[in-house]
Amino acid sequence: MGIGKQNFVRQTYDQQLYSKGVQTRMRLAGTFNQRREDFDSLEAYNNYLEMVADIDWGLSYGNEKEKKEAAAKMRKFAKDNFQKINARKLAIEEGILSSSSTRPRLSYHDNSR
């Protein structure tokens, strides 16, 4: 089916925000690919997840200042953790890990029990 005026459906504002949020999370997944076992404590892991959520919100829904701050945090994290990020990506490419296991779950409790 081709795209035409009769098949066009205008997205609502909420749908546009949702789509933008999904695109942002997909972009973040490549950089923020750490898992629970990469951290010494549950508190450190939860702090990491909170940072990821803050950056996600800033990039998706923040004003211009918040977007710039979130982008700067993302760049700093990527620079500081370059080796860890690339090691995880390499492990995924080699089939050691599945890509779904690298995405941080925004869960603030210990699921290991």
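To be clear, the structure that these remarks concern was listed above.
Conventions and cut-offs
- Sequence positions are assigned chain by chain, starting from 1 and proceeding in written order.
- Thresholds applied to this predicted model are a pLDDT of at least 70 for local features of residues and 80 or more for the giving and counting of side-chain atom pairs; totals over whole chains, interfaces and linings are not thresholded and use all residues.
- Only hydrogens and water are set aside; all other atoms, that is, all heavy atoms of the structure, feed into the side-chain values.
- Numbering of helices and strands runs from the N terminus, with a helix taken as a DSSP run of H or I at least four residues long and a strand as a DSSP run of E at least two residues long.
- The contact rule is simple, with two residues in contact once any of their heavy atoms fall within 4.5 Å.
- Here, Shrake-Rupley sampling with a 1.4 Å probe gives the accessible areas, and only protein chains in the shown set may cover a residue.
- Each Phe, Tyr or Trp ring (for Trp, its six-membered ring) is paired with any other whose centre lies within 6.5 Å, and the angle between the two planes then decides the class: stacked below 30 degrees, edge-to-face above 60, tilted in between.
- Note on exposure labels: buried denotes an accessible area under 20% of the residue type's maximum, exposed denotes more than 50%, and partly exposed covers the range between, all computed with a 1.4 Å probe on protein chains only.
- The term nonpolar core refers to a set of buried residues drawn from Ala, Val, Leu, Ile, Met, Phe, Trp, Tyr and Cys, joined through side-chain atoms within 4.5 Å.

Enquirer: Please provide a residue-by-residue account of the overall build of the chain, values included.
Expert: Per the secondary structure count, the chain includes 4 helices and 0 strands. Starting at the N terminus, the α and β elements of the chain follow one another as α-α-α-α. For the chain, restricting intrachain contacts to residue pairs at least 6 apart in sequence, the fraction spanning at least 24 positions comes to 65%. Counting every atom, the chain has about 8500 Å² of accessible surface; 53% of that belongs to carbon and sulfur.

Enquirer: An account of the packing of aromatic side chains is needed here, citing residue identities and associated values.
Expert: Counted under the stated rule, the structure contains 7 aromatic pairs. Geometrically, the ring pair formed by Phe-39 and Tyr-48 is tilted, given 5.0 Å between the ring centres and 40° between the ring planes. When its relative accessible area of 5% is taken as the criterion, Tyr-48 is described as buried. Measuring from ring centre to ring centre gives 5.9 Å for Tyr-48 and Phe-77, while their planes differ by 40°; the resulting arrangement is tilted. With Tyr-48 in helix α2 (residues 42-61) and Phe-77 in helix α3 (residues 64-80), this residue pair connects regions lying 29 residues apart in the sequence. The burial state of Tyr-48 is the same as that of Phe-77; both residues are buried.

Enquirer: Describe the nonpolar core, and please don't skip the residues or the numbers.
Expert: Among the nonpolar cores identified, the biggest contains 13 residues, and Leu-28, Phe-32, Tyr-48, Ile-55, Leu-59 and Met-74 are the most heavily contacted of them. Breaking this core down by element, the ones donating at least two residues are α2 and α3. With 6 residues, the single largest contributor to this core is α2. Apart from residues lying up to four places away in sequence, Met-74 is in contact with Arg-27, Leu-28, Thr-31, Phe-32, Ile-55 and Leu-59.

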